[in-house]
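Descriptive structure summary
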Amino acid sequence: MGFLVRNTGLAPVVPTPPAVADMVRPTEEAALTPPGRADLRVEMLVEEGAPVAEGAPVARLREAPEVVLVAPMPARVGRIALRPGRKLTEIVLFREAAGDSVTHALPETGEPGALRALMQVSGLWTRLRQRPFGVWPGPGDRPAAIAVMAADTRPHAPDPGAALAGAEEDFARGCHALAGLTDGPLLVCAPAPVPGLTGVRHVPVGPRHPQGLAGICLHRSFPARPEHPVWDIAAEDVVHLGRLLATGSLPQTRRVTVSGAALTETRTVVCQIGADLRGLTYGATRPGPHRLISGSALDGHPARWLAPWHRQVTVLPEAAPAKAPHWFLSALTSSARPRPVIPTAALDQSGGGALPVMALLRALSVGDDETAVALGALSLLEEDLALLDYAVGGAPAPGALLRACLDRVAEEAGA
Amino acid sequence: MIRGLWDRETVALLLLAALLPMALTWLWFGGVAALGRLALALVISGGWHLIFMLARAQPPSLSGALAALAVAMLAPEDLGLVRLVLGISFGAVFGELVFGGWGRNVVHPATVTLAFLGFGFPAFPWPDLDLPVVWAALPAALIGVATGVMPLGVIGGAVLAGGLALALGVPGVALWPAAAVVLVLMVADPVTSAHTALGRWLNGALYAGLLALFALHWADAAPVQMAVAAALLAALAAPALDEAALALWSARRRTRHGF
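The structure reproduced in this document is the subject of the present report. Treat the numbers as computed from the prediction; the structure is a model and nothing was measured.

1. A few points about the sheet that holds strand β3 (residues 42-44) of chain A
Residues and elements named next belong to chain A. Sheet architecture is open: three strands sit in the order β3-β5-β6, paired in antiparallel fashion. Sheet topology places β3 and β6 (68-70) at the edges, where each strand pairs with a single neighbour. Averaged over all adjacent pairs, the angle separating strand axes in this sheet is 30 degrees, with direction ignored. With three bridges connecting them, β3 and strand β5 (residues 57-61) associate as antiparallel partners. Bridge pairing links Val42 to Leu61 in β5.

Written as structure tokens, this is what we have:
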């Protein structure tokens, strides 16, 4: 039965040109951006035009001054864009070839408080993601479990195994450190158990999308609740944590795949966090208008910079502007929204066998938050329903409905 | 960012494609009379879709053709124009369109039409189905299940429960042609059958179980009449079956995760 459930899923076809060899190519510009649509109030620690070393703090959060945003490369601060209320839009950095990187003092003892402080000051904290609601964890939060994602089934996602190869020791050190941050289990979600790793719970992951998404894995093995938050982190970042604990400096790089139909080659690039998407696709785009998307073709969004948590860039040809439909047809189709959803096998598969798709979809589209929460909506984020969004053709946009539901539940839980 | 194809009309088109072998076989054996009935059902059903489009801005759907085909194949014979028009209108409007169109309805419009005609005009004989038409239900089910537009659980549950009933000695052999055709045309509709995995198997089993009950205790009823009644009751019970399946799912989750 478990085997059957793990093998459900779809394989959406996203055309992409042949791949070329991996390359290390940091872009000339990079930016620090807030995760998702959240309002992130920050306090700047540097001025425009100031030089910063790799890993040096650039800003800190107003609500949690312990957590800092760090420069992903030796750079000069180019532009600081804040909205009223010091809400972060973006901090643009220009790379400087001759610059040094920050080395942190390692904690003498193995106490969790020191490790937490090191993670917060080194910038690793902002690579964590907390469910429910998909936010950065608070500085004092203690999760009920932590999931390490050593699998990714999005179309053309980078292989987490490549990040682990040759870094098993760092990975084990990182896992050991993470296990100290939680009272619950450390879940390692991977297709096969990672050899040489003890004291963790292995969660098997099937080959098809959406099995390799943290939300689907957690929904099945360890659901999140407001009073029992669950963190997830990518395996590559755990390797970096291990290296931080060994050397005192945190690598600010990320393996990113650049794919899509508007390219001449599919790239796997090791670049800095928050890299410039135009730099990543430079010299590989086909002539003609195209869209740069941070994230996969299913769950990404148009962007200039690689968003926090994203490990993929997709370049799609810009479709010709559609001819405006006849006024009568447009009145007819827009009046019938939300469009009804017909339960088909495609819909069942796009839930990954973990959740009753139609019941969740109905609860979300009528705004029945109580039922949606009972069906496990709190373990999920928009990206987990992106495949469902794809299957139903984007009307009634399950991802947007889920975000609205999560916002309402968060408001209620916070009030 | 990219969009799939599985919207309402795609599903309706695939269902039509699945039913095409059966429809063509039925037209081949029925001749001009069958064609006339189908055309009448299509015109009436399409007309109501048009009226709801103009009056309530509901986009018309190809599902109207699915209902028209089912009604043309299974409606009682020699009804006359007025009764047939009345029945099809009742089914299309009160079975589907007043709920907001296909995808929001509770019962298949053809089931409503046929039940209405059966209860309203009991004197008219129900049709006998030609065996080749019945066999054409097999490819219809296969295409429907393979493309994912017909729920496998409903068909599987009905076949399993029906086979079990026959093995237990229920006198239902005369019933199976009508049962198979109604199963493919109306019970295995993705909208009005159950939508959870367990609910679908229960839904199919309930349909076959009701048929077995009727075979044992409902004297002087035609096979099509029994199958239509069973389809109506099975569709009405589908939400309850889903609710039960979801309650079971929640209970199992609670024991596993503690909440």
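From this point, the discussion proceeds with the structure in view.
2. Here's the deal with empty space enclosed by the protein
All names here are of chain A. In total, this model carries nine cavities of 30 Å³ or more according to the counting rule given. Lining the largest cavity are 29 residues; nearest its centre among them are Asp152, Arg154, Ala234, Trp309 and Arg311. Mapped by element, the contributors of at least two residues to the lining of the largest cavity are α3 (160-164), β13 (230-234), α6 (235-247) and β14 (253-259). Class assignment of the residues belonging to the lining of the largest cavity gives a composition of 11 nonpolar, five polar and 13 charged. The volume enclosed by the second largest cavity comes to roughly 220 Å³. Around the second largest cavity sit 18 residues that line it, and Leu32, Thr126, Trp136, Ile273 and Pro308 are the ones nearest its centre.

3. As for helix α7 (residues 152-167) of chain B
Residue and element names in this part refer to chain B. Given a rise of 1.5 Å per residue, 16 residues ought to cover 22 Å, and the 22 Å separating the end C-alpha atoms of α7 matches this to within 8%. Taken as a whole, α7 has its buried residues at Gly153, Val154, Ile155, Gly156, Gly157, Ala158, Ala161 and Ala165. For α7, the elements touching its buried residues are α6 (137-147), α8 (176-187) and α9 (197-217). Following α7 by one or two positions, Gly169 has its phi on the positive side, about 95 degrees.

4. Focus on the packing of aromatic side chains
Going through the model one piece at a time under the given rule, you end up with six aromatic pairs over all chains. Their ring planes at 80 degrees and their centres at 5.3 Å tell us that Trp125(A) and Trp231(A) sit as a pair that is edge-to-face. Remark: Trp231(A) occurs in strand β13 and Trp125(A) occurs in the loop between α2 (112-122) and β9 (129-131); sequence separation between them is 106 residues. By relative accessible area, Trp125(A) is classed as buried at 0%. A centroid spacing of 5.2 Å and a plane angle of 80 degrees characterise the contact between Phe214(B) and Trp218(B), whose relative ring orientation is edge-to-face. Owing to a relative accessible area of 12%, Phe214(B) belongs among the buried residues under this scheme. By the ring-pair criterion, three or more aromatic residues cluster together here, those being Phe90(B), Phe94(B), Phe116(B) and Phe121(B). If you follow Arg129(A) out to its NZ or CZ, it ends over the ring of Trp309(A), 5.1 Å from the centre. Lying over the aromatic face of Phe121(B), Arg83(B) brings its terminal NZ or CZ to 5.6 Å of the ring centre.

5. With respect to the pairing of strand β7 (residues 75-83) of chain A
All names here are of chain A. Alignment of strand β4 (residues 51-52) against β7, held across two bridges, turns out to be antiparallel. Note on β7: the bridge partner recorded for Val52 is Ala75. From the end of β7 to the start of strand β8 (residues 87-95), which pair antiparallel, there are three residues, and Gly85 there has a positive phi angle of about 85 degrees.

6. Quick look at the packing of helix α1 (residues 8-56) of chain B against α6(B)
All names here are of chain B. Direction vectors running N to C along α1 and α6 enclose 160 degrees, while the axes themselves pass 7 Å from each other. As far as their axial angle goes, α6 and α1 are roughly antiparallel. With respect to the hand of their crossing, α1 and α6 are arranged in right-handed fashion. Side by side, α1 and α6 meet where Leu14, Ala17, Ala18, Leu19, Pro21 and Met22 of the first sit next to Ala137, Pro139, Ala140, Ile143, Gly144 and Thr147 of the second. In terms of residue class, the contact of α1 with α6 is made up of 10 nonpolar, two polar and no charged.

7. Here's the deal with the packing of α8(B) against helix α10 (residues 223-257) of chain B
Residues and elements named next belong to chain B. Relative to each other, α8 and α10 sit at 35 degrees, their axes nearing to 9 Å. Judged by the twist between their axes, the crossing of α8 over α10 is right-handed. Contacts from Ala178, Ala179, Val182, Met186 and Val187 in α8 reach Pro223, Val224, Ala227, Val228 and Ala231 in α10. When its residues are assigned to classes, the contact of α8 with α10 shows 10 nonpolar, no polar and no charged.

8. Focus: unusual backbone geometry
Residue and element names in this part refer to chain A. Cis geometry marks the peptide bond from Arg131 to Pro132; its omega dihedral reads 0 degrees. The peptide bond linking His209 to Pro210 adopts the cis configuration, its omega dihedral lying at 5 degrees. In this fold, Pro210 is placed in the loop between β12 (201-204) and α5 (214-221). Even without a glycine there, the phi angle at Arg86 is positive, about 55 degrees. Mapping Arg86 onto the fold places it in the loop between β7 and β8.

9. Quick look at the nonpolar core
Ranked by internal contacts, the top residues of the largest apolar core, which has 79 residues, are Leu19(B), Met22(B), Met73(B), Leu74(B), Leu185(B), Met186(B) and Tyr207(B). Those residues within four positions of Leu19(B) in sequence are excluded, and the remaining contacts are Leu66(B), Leu69(B), Ala140(B), Met150(B), Val184(B) and Leu185(B). Of all hydrophobic cores here, the second largest spans 55 residues; its members include Leu32(A), Leu61(A), Val148(A) and Trp309(A).

10. Some thoughts on the pairing of strand β11 (residues 186-190) of chain A
All names here are of chain A. Of all five residues that make up β11, five are buried, and the element is covered over most of its length. Neither face of β11 is left uncovered, since the one carrying Leu186, Val188 and Ala190 and the one carrying Leu187 and Cys189 both have all their residues buried. Relative to β11, strand β10 (residues 145-149) is paired through four bridges, and the arrangement is parallel. Counted as the bridge partner of Val148 is Val188 from β11.

11. So, the environment of Cys405(A)
With respect to the helices and strands, the residue Cys405(A) is situated in helix α13 (residues 398-414). The residues touching Cys405(A), leaving out its near neighbours within four places in the chain, are Leu364(A), Asp369(A) and Ala372(A).

12. Here we look at the pattern of salt bridges
Residues and elements named next belong to chain A. Going through the model one piece at a time under the given rule, you end up with 34 salt bridges over all chains. Among the ionic pairs, Glu265 bridges to Arg267, the shortest N-O distance being 2.8 Å. Given the relative accessible area of 3%, Arg267 is considered buried. Ionic pairing is found between Arg403 and Asp407, a salt bridge with its closest N-O pair at 3.3 Å. Of the two residues, Arg403 and Asp407 are both situated in helix α13; the distance of four residues between them amounts to about one turn of the helix. On the basis of relative accessibility, which here comes to 14%, the residue Arg403 falls in the buried class. Overlapping salt bridges bring together Arg129, Arg131, Asp152, Arg154, Asp232, Asp299, Glu383 and Asp384 as one network.

The rules behind each value
Residues numbered from 1 in each chain as written. Chains lettered and ligands numbered in written order. Predicted model: local features only at pLDDT ≥ 70, side-chain atom pairs only at ≥ 80, totals over all residues. Heavy atoms only, no water. Pairing = 2+ DSSP bridges. Helix = DSSP H or I, 4+ residues; strand = E, 2+ residues; numbered from the N terminus. Axes fitted to C-alpha atoms, helices over the stretch in contact; angles between N-to-C directions. 1 Å grid on protein atoms, 1.4 Å probe; cavity = no way out; pocket = protein on both sides within 12 Å on 5 of 7 lines; lining within 4 Å. Points joined across faces, edges and corners; volume = space filled by probe spheres on them. Nonpolar A, V, L, I, M, F, W, Y, C, P; charged D, E, K, R; others polar. Expected span 1.5 Å × (residues − 1). Buried < 20%, exposed > 50% of the residue type's maximum accessible area, 1.4 Å probe, protein only. Contact = heavy atoms within 4.5 Å. Phe/Tyr/Trp six-rings, centres within 6.5 Å; stacked < 30°, edge-to-face > 60°. Lys NZ or Arg CZ within 6 Å of the ring centre and 35° of its normal. Parallel < 35°, antiparallel > 145°, perpendicular 65-115°, else oblique. Left-handed = near helix turned anticlockwise from the far one by under 90°. Core = buried A, V, L, I, M, F, W, Y, C linked by side-chain atoms within 4.5 Å. Salt bridge = Lys/Arg side-chain N within 4 Å of Asp/Glu carboxyl O.

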